[in-house]
Amino acid sequence: MTAKTNVKINLGQPINDLLDDSPHPFEEDCLAHVGLCWYEIKKRFAEADLPSVTVFQNDTLLLALDDVGRVSAFVDETQGRFVEQVTLSVRGLPDNSLHSEQKGFVYQLLNTLLGSGWTHFYRFPAARISGAEAHKIVLPDEVMGMRVIAHPWFDPRYEASLEQWLSAGSTYHWFFYQSGIYLHVSVQRSNSRDAPAERGTYLIKMELQTELAYWPQHFSEEDQSDWRKLMPALLEQYAQQRAKLEREAEAAGIKIEDSYRDPAIKLLGE
């Protein structure tokens, strides 16, 4: 990895600093009337020299990725011209590789995250059901009657079976947290036409958000400017929903990960 091929991003930095320092030009796409802008580097995944990307916060390395085909920095100018959200699309294995190999590649990436300071995050208001209890849940897209995005089958600390992997739809989600930064890893699967049960093409995306980007999106557009004031009531609502789901899970013989604690929200002074 060299300076010429690496895009260095500091979360919270002025967008102009990122644009000036990047070895690859960004394309700008703005909705001026609402103050929203996207700055993107777009490459074909087939290119041999895709850039690497390193993401920092206050000089602390959060993420280092090779072969990144798309870099997207989102700026909400109503909050200032700062980089608070970044989405990266990563080249994985060749198209139509075996599902088992694609799954292995994804879990290798997830294990790298877990080994580099990222912590598994239960997305509100999901019940705290770990992968150790996943075998007690039959349906691939819901828990106790509630549809879920991050299913216990796909707790990153436990590798799902190939049968679970293929029966759970075409999109997978994992959520992580580190030092006030939220990371959403998503993988989209497209089965091969010739051998759909055996091979597929996978798209891997990683979205990093600061608290200033992550929490306002939990509210309607008209309430987002007051998100700090509204957060305590929302967190109480989430807590009640989680508690109800967990009572139902325990009644069904499913253990709850009681030791898990939600990360502190720094912007609220927690």
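Here the structure is a predicted model, which is why all the values come from computation and not from measurement.

Definitions and limits used
Within each chain, residue numbers correspond to sequence positions counted from 1 in written order. Note on the predicted model: pLDDT of at least 70 is required for a residue's local features to be given, and 80 or more for side-chain atom pairs to be given and counted; whole-chain, interface and lining totals, by contrast, use all residues. Side-chain figures throughout are based on the complete set of non-hydrogen atoms in the structure, without hydrogens or water. When the centres of two rings from Phe, Tyr and Trp lie within 6.5 Å, Trp using its six-membered ring, the rings pair. Their planes under 30 degrees apart give stacked, over 60 give edge-to-face, and anything left gives tilted. In this text, helices come from DSSP runs of H or I with a minimum length of four residues, and strands from runs of E with a minimum of two, each type numbered from the N-terminal end. A 1.4 Å probe rolled over the protein chains alone gives each residue an accessible area, and that area as a share of the maximum for its type sets the label: buried under 20%, exposed over 50%, partly exposed in between. Charge-over-ring contacts are defined here by two conditions on Lys NZ or Arg CZ: a distance within 6 Å of the ring centre and an angle within 35 degrees of the ring normal. Confidence of the predictor at the level of single residues is given by pLDDT, which spans 0 to 100. By salt bridge we mean one thing: a side-chain nitrogen of Lys or Arg within 4 Å of a carboxyl oxygen of Asp or Glu. Two cysteine sulfurs form what is called a disulfide whenever their separation falls within 2.5 Å.

*Asks:* Can you walk me through the packing of aromatic side chains in this structure?
*Replies:* By convention here, two paired aromatic rings are described through the distance between centres and the angle between planes. Per the counting criterion, the structure on display carries 20 aromatic pairs. Judged by centre distance (6.3 Å) and plane angle (80 degrees), the ring pair of Tyr107 and Trp174 falls under edge-to-face. Remark: Trp174 occurs in strand β12 (residues 171-178) and Tyr107 occurs in helix α2 (residues 99-114); sequence separation between them is 67 residues. On the basis of relative accessibility, which here comes to 1%, the residue Trp174 falls in the buried class. With centroids separated by 5.4 Å and ring planes inclined at 70 degrees, the aromatic side chains of Phe154 and Tyr172 adopt a geometry described as edge-to-face. Placement of Phe154 in the loop between β11 (146-147) and α3 (162-167) and of Tyr172 in strand β12 is noted, with a sequence separation of 18 residues between them. Taking relative accessible area as the criterion, Tyr172 reaches 2% and is therefore assigned buried. Put simply, the rings of Tyr107, Trp153, Phe154, Trp165, Tyr172, Trp174 and Tyr202 touch in pairs and so form one group of aromatic residues. Taking the ring centre of Phe56 as reference, the NZ or CZ of Lys8 above it sits at 4.9 Å.

*Asks:* Just checking my understanding: could you explain the confidence of the model for the protein for this structure?
*Replies:* Any residue range with low pLDDT should be treated as having predicted coordinates unsuitable for detailed reading. Residues of the protein with pLDDT of at least 70 account for 98%, and the chain-wide mean is 93. The element-level mean pLDDT for the protein is lowest in β11, coming to 87, with strand β8 (residues 97-98) highest at 98.

*Asks:* What exactly am I supposed to notice about the pattern of salt bridges here?
*Replies:* Side-chain pairs of opposite charge can arise whenever the charged atoms involved come near each other. On inspection of all chains with the given rule, the structure shows 12 salt bridges. The closest approach of N and O atoms between Glu133 and Lys136, which form a salt bridge, is 2.7 Å. Look at Glu133 and you get buried, because its relative accessible area is 9%. With its nearest N and O atoms 2.9 Å apart, the salt bridge here joins Asp262 to Arg242. With Asp262 in the segment after α5 (227-251) and Arg242 in helix α5, the pair connects residues that are 20 residues apart, well separated along the chain. For Arg242, a relative accessible area of 6% puts it in the buried group. The network of salt bridges with common partners includes Arg128, Glu246 and Asp258.

*Asks:* I would appreciate a short explanation of the state of the cysteines in the present structure.
*Replies:* In protein chemistry, a disulfide is the covalent bond that joins the sulfur atoms of two cysteines. Counted by the stated rule, this structure contains one disulfide. One disulfide in the model links Cys30 with Cys37; its S-S distance is 2.0 Å. Linking Cys30 and Cys37, the disulfide has an S-S dihedral of approximately 115 degrees and is accordingly described as right-handed.

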